[in-house]
Amino acid sequence: FRRVFWQCVLLAGPGLLIATFATAGICRFMYGEWTWLMSILFGAIVSATDPVAVVALLRELGCSKKLATLIEGESLLNDGTAIVLYSLFAKAVAVGEIEGGAFGVLISFFKTCAIGIVTGIVVGYISVALLRCIFNDAVAEITVTIAAAYCTFYIAEGLFHA
């Protein structure tokens with residue numbers, strides 16, 4: 001994943017933004033009663049890709065692992081970016097306007113991403129420390145892994161309102 005990280009970021013960040021705003025432009029043109037905020041919210045929802053079938057087909061055909069890793073990594077980052085965009089524009093649609101304008105959206109986007117990354121790293125290190133103490137107990141390992149994912153979400157979303 002480290003070898004293709006920057007390609008994944010390029011596809012997931014600017015690639016998703018381009019797809020979101022292109023979809024929003026088409027929706028705004030086709031559905032004149034939709035506001036720009038509603039169109040962008042819809043674009044954020046439908047622009048994230050799901051490569052499960054593509055990756056399965058690539059593995060079946062024997063394509064390079066680097067390509068499969070690139071597609072899987074891009075999808076992971078793509079989903080995270082789409083969730084952040086959705087949460088930003090869902091609030092804007094509910095209020096009826098973007099608080100702070102375009103600059104406010106950028107600040108909120110980077111704040112949400114930073115809080116999520118830091119929370120994930122901290123909970124990840126704690127989880128790895130716990131998993132090192134567990135030896136050959138599949139139920140405990142699965143429980144720690146699921147609890148770590150839920151705790152990361154709860155801390156980032158619930159306590160920090162990310």
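Structure: above.
What comes next concerns the included structure. (Residues numbered from 1 in each chain as written. Predicted model: local features only at pLDDT ≥ 70, side-chain atom pairs only at ≥ 80, totals over all residues. Heavy atoms only, no water.)

Details of the nonpolar core
What counts here: Here the nonpolar core consists of buried residues drawn from Ala, Val, Leu, Ile, Met, Phe, Trp, Tyr and Cys, with membership extended through side-chain atoms lying within 4.5 Å. For each residue, the accessible area found with a 1.4 Å probe, counting protein chains only, is set against the maximum for its type, and the residue is called buried under 20%, exposed over 50%, and partly exposed in between. Labels follow the DSSP assignment, with helices taken as runs of H or I lasting at least four residues and strands as runs of E lasting at least two, numbered in each case from the N terminus.
Core analysis: the biggest nonpolar cluster contains 14 residues, and Leu85, Leu88 and Phe89 have the highest contact counts within it. Considering every element that reaches this core, the biggest residue donor is helix α5 (residues 65-95), with six residues.

Overview of a nonpolar patch on the surface
Put simply, the test is: By definition, no residue in a patch forms a salt bridge, and every one has over 30% relative accessible area; like charges are joined within 9 Å, nonpolar side chains (Val, Leu, Ile, Met, Phe, Trp, Tyr) within 5 Å. A 1.4 Å probe and the Shrake-Rupley method give the accessible areas. Residues count as covered only by the protein chains that appear here. The term salt bridge refers to a side-chain nitrogen of Lys or Arg lying within 4 Å of a carboxyl oxygen of Asp or Glu.
Among the surface-exposed residues, Ile26, Phe29, Met30 and Tyr31 lie close enough to one another that they form a single nonpolar patch of about 490 Å² accessible area. Tracing the chain through its elements places Phe29 in helix α2 (residues 14-30). On the basis of relative accessibility, which here comes to 73%, the residue Phe29 falls in the exposed class.

Quick notes on the side chain of Thr81
Going by this rule: Under this definition, polar contacts are N or O atom pairs within 3.5 Å; protein pairs additionally need one hydrogen-donor-capable and one acceptor-capable atom, and for neighbouring residues in sequence, both atoms have to be side-chain atoms. Residue contacts are defined here by distance: any two heavy atoms, one from each residue, within 4.5 Å place the two residues in contact.
Along the chain, Thr81 turns up in helix α5. Among the polar contacts made by the side chain of Thr81, one reaches the main-chain carbonyl oxygen of Leu77 at a distance of 2.9 Å. Apart from residues no more than four positions distant in its own chain, Thr81 is found in contact with Ala12, Leu16 and Phe109.

Observations regarding helix α3 (residues 36-46)
Since one α-helical turn is 3.6 residues long, residues separated by three or four positions face the same way. Regarding α3, the residues found buried are Leu37, Ser39, Ile40, Leu41, Gly43 and Ala44. Summarising the contacts, the buried residues of α3 are in contact with α2 and α5.

Quick word on the packing of aromatic side chains
How we decide: By convention, a stacked pair of Phe, Tyr or Trp rings (six-membered ring in the case of Trp) has centres within 6.5 Å and planes under 30 degrees apart, an edge-to-face pair has planes over 60 apart, and any other such pair is tilted.
One pass over the full model with this rule turns up four aromatic pairs. Ring centres 5.1 Å apart and planes at 75° place the aromatic pair Phe5 and Trp6 in the edge-to-face group. With a relative accessible area of 29%, Phe5 lands in the partly exposed category. With a relative accessible area of 64%, Trp6 lands in the exposed category. When the centroid spacing of 5.5 Å and the interplanar angle of 65° are considered together, the rings of Trp34 and Phe42 count as edge-to-face. The exposure class of Phe42 is partly exposed, given its relative accessible area of 31%.

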